[in-house]
Amino acid sequence: MKRKVELVPYSPVWKKFFEKESVALSKILRSNLVSNFHIGSTAIESIVSKPTLDVLCVVHTLDGIELFKDEFERAGFSWKGEHGLKDRLYLVRYAPDGINHMCHVHIMKKEDPRVLDHLDFVEYLNREEKVAKQYEEVKVALQRQFSESPEAYQNGKSEFISIILSNLR
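Definitions and limits used
Residues numbered from 1 in each chain as written. Predicted model: local features only at pLDDT ≥ 70, side-chain atom pairs only at ≥ 80, totals over all residues. Heavy atoms only, no water. Helix = DSSP H or I, 4+ residues; strand = E, 2+ residues; numbered from the N terminus. Polar contact = N/O pair within 3.5 Å; in protein donor to acceptor, adjacent residues only side chain to side chain. Contact = heavy atoms within 4.5 Å. Pairing = 2+ DSSP bridges. Axes fitted to C-alpha atoms, helices over the stretch in contact; angles between N-to-C directions. Parallel < 35°, antiparallel > 145°, perpendicular 65-115°, else oblique. Nonpolar A, V, L, I, M, F, W, Y, C, P; charged D, E, K, R; others polar. Phe/Tyr/Trp six-rings, centres within 6.5 Å; stacked < 30°, edge-to-face > 60°. Buried < 20%, exposed > 50% of the residue type's maximum accessible area, 1.4 Å probe, protein only.

Draft legend 1. Structural context of the side chain of His38. Tracing the chain through its elements places His38 in strand S1 (residues 33-39). A polar atom in the side chain of His38 sits 2.8 Å from the side chain of Thr42. Discounting residues that sit within four places of it in the chain, His38 has contacts with Trp14, Phe18, Ala43, Leu53, Asp54 and Val122.

Draft legend 2. Broad picture of the sheet that holds strand S4 (residues 89-94). The strand order across the open sheet built from five strands is S1-S2-S5-S4-S3, with neighbouring strands paired in mixed fashion. Of all strands in the sheet, those with a lone pairing partner are S1 and strand S3 (78-79), marking the two edges. Pairing between S3 and S4: two bridges, direction antiparallel. Among the inter-strand pairings, Trp79 is bridged to a residue of S4, identified as Leu91. Packing against the sheet, helix H1 (residues 13-29) makes contact with S1, strand S2 (53-59), S4 and strand S5 (101-109), and its axis sits at approximately 35° to S2. On top of the sheet, helix H3 (residues 113-127) reaches S1, S2 and S5; it is set at about 40° to S1, its chief contact.

Draft legend 3. A look at unusual backbone geometry. Positive phi is not limited to glycine here, since His83 has a value of about 50°. Mapped onto the fold, His83 is located in the loop between S3 and S4. One non-glycine residue with positive phi stands out, namely Asp87, at about 60°. Looking at the element boundaries, Asp87 is found in the loop between S3 and S4.

Draft legend 4. Main features of the packing of H3 against helix H5 (residues 150-168). It is the contact of H3 with H5, at a shortest axis distance of 10 Å, that shows an interaxial angle of 90°. The angle between H3 and H5 places the two elements in the roughly perpendicular class. On H5, the residues touching Asp117, Asp120, Phe121, Tyr124 and Leu125 of H3 are Ile161, Ile164, Leu165 and Leu168. Considered class by class, the residues forming the contact of H3 with H5 number seven nonpolar, no polar and two charged.

Draft legend 5. Focus on the packing of aromatic side chains. One pass over the full model with this rule turns up four aromatic pairs. Ring geometry for Phe72 and Trp79: centres 5.8 Å apart, planes at 40°, overall tilted. Of the two residues, Phe72 and Trp79, neither departs from the other in class, the shared state being buried. Centre to centre, the rings of Tyr135 and Phe160 are 5.2 Å apart; their planes meet at 20°, and the pair counts as stacked.

Draft legend 6. Inspection of the pairing of S5 at higher detail. S5 sits mainly inside the fold: seven of its nine residues count as buried. Sheet topology places S2 next to S5; seven bridges connect them, and they run parallel. Across the sheet, Leu53 pairs through a bridge with Cys103, a residue of S5. When S4 meets S5, the two strands line up antiparallel, connected through six bridges. Note on S5: the bridge partner recorded for Leu89 is Ile107. Turn length for the S4-S5 hairpin, with the two strands adjacent in sequence and antiparallel, is six residues, and the turn residue Gly98 shows positive phi of about 75°.

Below, the structure written as structure tokens:
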């Protein structure tokens, strides 16, 4: 079985799931943690999204976090390292089927400009429903085209996200 791109309406359960994941992550990251943020489409109430929570953990330093790899894994997260993005650590919580993703964790240093990009994008789309609906249209079209390829779906959203972020700067 392969992972597919599924889009579902917003669910208030995601806020509770974020709070639960934040507690688990805070216990592992301890004093290195600056703050956890709910990012990605599940944090935008007016649009459909993949039913995968995205958590951004902002930390003082990435140094030494890999020493907690076993702790993350005991808490149910699969360690993926940088996973193609320099200076970002990435973890996945898999669904019981072992294929689908329930949660993505992105760990970045507080100075990383991508932190503000994630936060600004979510804040802007929650404030500007018309733009959020445009993003939803992009997501739905990509899901139709790439339902069998989560990576192609993800890559397809990049242009829209880049345009929005460039307009915010």
